[in-house]
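The chain contents come next:
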Amino acid sequence: MSRPPLSPGARATLAAQAQMPSPPFEQMSAPEARASFDAGWPALQLPPDPALAEGPVPLLLADRPALCWRGAGAPATGARAILYLHGGGWVVGSPASHAAICQRLAAACGAVVICPDYRLAPEHPFPAAAEDAIACLAALPQVAAELGLAPDRIIVAGDSAGGNLAAVAALAAARDPALPQPRAQLLFYPNTDAGQTHLSYRRFAEGFGLSARTMRWFRDHYARPEDHADWRLSPLRADPAGTAPAFVALAGADILHDEGRAYAEALAAAGTPVETRLWEGHLHGFLSHCRHDPAALEALAAAAQWLDRQGV
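Residues numbered from 1 in each chain as written. Predicted model: local features only at pLDDT ≥ 70, side-chain atom pairs only at ≥ 80, totals over all residues. Heavy atoms only, no water.

> Looking at this structure, how should I read the overall build of the chain?
From N to C terminus, the chain includes 9 helices and 8 strands. Over its C-alpha trace the chain gives a radius of gyration of 18 Å, about what one expects of a compact globule, namely 20 Å for 312 residues. The dimensions of the chain, computed from C-alpha atoms along their principal axes, are 50 × 40 × 35 Å. Across the 312 residues that make up the chain, the buried fraction comes to 59%. Intrachain contacts of the chain at a sequence separation of at least 6 include 80% that bridge at least 24 residues. Surface accessibility of the chain: about 11,700 Å² in total, with carbon and sulfur atoms responsible for 55%. (Helix = DSSP H or I, 4+ residues; strand = E, 2+ residues; numbered from the N terminus. Rg over C-alpha atoms; globule rule 2.2 N^0.38 Å. Buried < 20%, exposed > 50% of the residue type's maximum accessible area, 1.4 Å probe, protein only. Contact = heavy atoms within 4.5 Å. Areas by Shrake-Rupley, 256 points an atom, 1.4 Å probe, with all protein chains shown as cover.)

Right, here's the structure in full:
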């Protein structure tokens, strides 16, 4: 089965990960996996740069702790509001682990980025994280005046499982006019189908960072088999009509590549404006590898440029 050559950034990331020996998550309990993840992510990310954004500032959003960054250039009032849902397979990760992404996204977009600490599985199984994402979207108007946000410039965004949650929030808004209506969605290598049957699961099952076995471990900690067809877990199985325009960033050497592309195609078929960008030869999670992979900053800049073209 042919595979694309890895980019220099991907090779550097894999080399750095090899220097942090630890068992795969599927050999750990969820608390052990969180401790391992938290010990490892600083070696993959760039340190904070105070010149890029103010923050992080703690706040509550829908009764969930959150961190907020105001990008350099964001206006004091009427700023873009980006609700960023962090990745981590619904089991690991936090606003702190995704601070490098949030800070640099805030700077690239001249926006205010809010990253909530949604509930994690298995202590809080499906649909807890999805419910938190939707509740946080609903609560954004409550902090708009305090943070200088424009209520008509809301963007939902996220990576991996966070991309799943961002897609779910956008779908929920399309179904419920009482929710704040996002103007755009930024989906970075999103998880969109709990079935895990796409070809990329076999092409990149091992040796490319996120393995098929680890992804099954994440899914099975979050949801039961009878949940797999629920659109709040598998956005690809939803009718996406009416959802906000989408920027979809894909990694070429990623087990989630095919379902991410399929979701972009489903959005386009439903009439949603979509821009799909492929980073060929890059790994799942490359936004979090910015210390070693320049594609991380390229993808954030590309998303910001797309928002400008959309007039959001």
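> When you look at unusual backbone geometry in this model, what are you seeing that I'm missing?
Most of the time, phi is negative for any residue but glycine, and the peptide bond is trans. Residues alanine 121 and proline 122 are joined by a peptide bond in cis, for which omega reads 5°. Structurally, the position occupied by proline 122 is in the loop between β4 (111–116) and α4 (128–147). Note that the residue after phenylalanine 126, namely proline 127, is joined by a cis bond; omega there is 10°. Checked against the element boundaries, proline 127 lands in the loop between β4 and α4. Here alanine 62, not a glycine, exhibits a phi torsion of approximately 55°, which is positive. By the element assignment, alanine 62 lies in the loop between β1 (53–61) and β2 (64–71).

> Can you walk me through the pattern of salt bridges in this structure?
It is possible for side chains bearing opposite charge to pair when their charged atoms get close. For the structure shown, the criterion picks out 12 salt bridges. Across the salt bridge formed by glutamate 275 and arginine 309, the nearest N and O atoms sit 2.8 Å from each other. One end of the pair, glutamate 275, is in strand β8 (residues 274–283); the other, arginine 309, is in helix α9 (residues 295–310), with 34 residues separating them in the sequence. The class of arginine 309 is exposed, set by a relative accessible area of 53%. (Salt bridge = Lys/Arg side-chain N within 4 Å of Asp/Glu carboxyl O.)

> I'm lost on the pairing of strand β3 (residues 79–85) in this one. Help?
On a regular strand, one side chain projects to one face of the sheet and the next to the other, so that they alternate. Within β3, 7 of the 7 residues are buried, which leaves it mostly tucked inside the rest of the structure. Taken together, the 6 bridges between β3 and strand β5 (residues 149–159) define a ladder with parallel strand orientation. Each bridged residue has a counterpart across the sheet, and for isoleucine 82 the counterpart in β5 is isoleucine 155. Bridging between β3 and β4 involves 4 bridges; their strand directions are parallel. The residue bridging leucine 83 from the neighbouring strand is isoleucine 114, located in β4. Remark: the β3/helix α3 (residues 99–109)/β4 crossover connection has right-handed handedness. (Pairing = 2+ DSSP bridges. Right-handed = clockwise from strand over helix to strand, strands pointing away.)

> Looking at this structure, I do not really get the packing of aromatic side chains. What am I missing?
The description of an aromatic ring pair rests on the distance of the ring centres and on the angle between the ring planes. All chains considered together, the criterion is met by 10 aromatic pairs. Judged by centre distance (5.6 Å) and plane angle (90°), the rings of phenylalanine 126 and tyrosine 222 are edge-to-face. Here phenylalanine 126, found in the loop between β4 and α4, pairs with tyrosine 222, found in helix α7 (residues 212–222); they are 96 residues apart in sequence, far enough to count as distant. We note that phenylalanine 126, like tyrosine 222, is buried. Here the aromatic rings of tryptophan 279 and phenylalanine 286 are separated by 5.8 Å at their centres, their planes lie at 40°, and the arrangement is tilted. The pair tryptophan 279 / phenylalanine 286 is uniform in exposure class, with both members buried. A connected cluster of aromatic rings, assembled from ring pairs, spans Phe25, Trp217 and Phe218. Lying over the aromatic face of tryptophan 231, arginine 175 brings its terminal NZ or CZ to 4.7 Å of the ring centre. (Phe/Tyr/Trp six-rings, centres within 6.5 Å; stacked < 30°, edge-to-face > 60°. Lys NZ or Arg CZ within 6 Å of the ring centre and 35° of its normal.)

> How do you make sense of the pairing of β8 when you look at a structure like this?
Across 7 bridges, strand β7 (residues 246–253) lies against β8 in parallel orientation. Residue valine 248 lies in a different strand from β8, and its bridge partner there is threonine 276.

> Explain the side chain of histidine 289 here, please?
By secondary structure assignment, the location of histidine 289 is in the loop between β8 and α9. Here glycine 285 takes part through its backbone oxygen, which lies 3.3 Å from a polar atom of the side chain of histidine 289. Each residue touching histidine 289, except ones within four places of it in the same chain, is listed here: Thr13, Gln17, Leu44, Leu283 and His284. (Polar contact = N/O pair within 3.5 Å; in protein donor to acceptor, adjacent residues only side chain to side chain.)

Interpretation in functional terms is not warranted from these geometric data alone.
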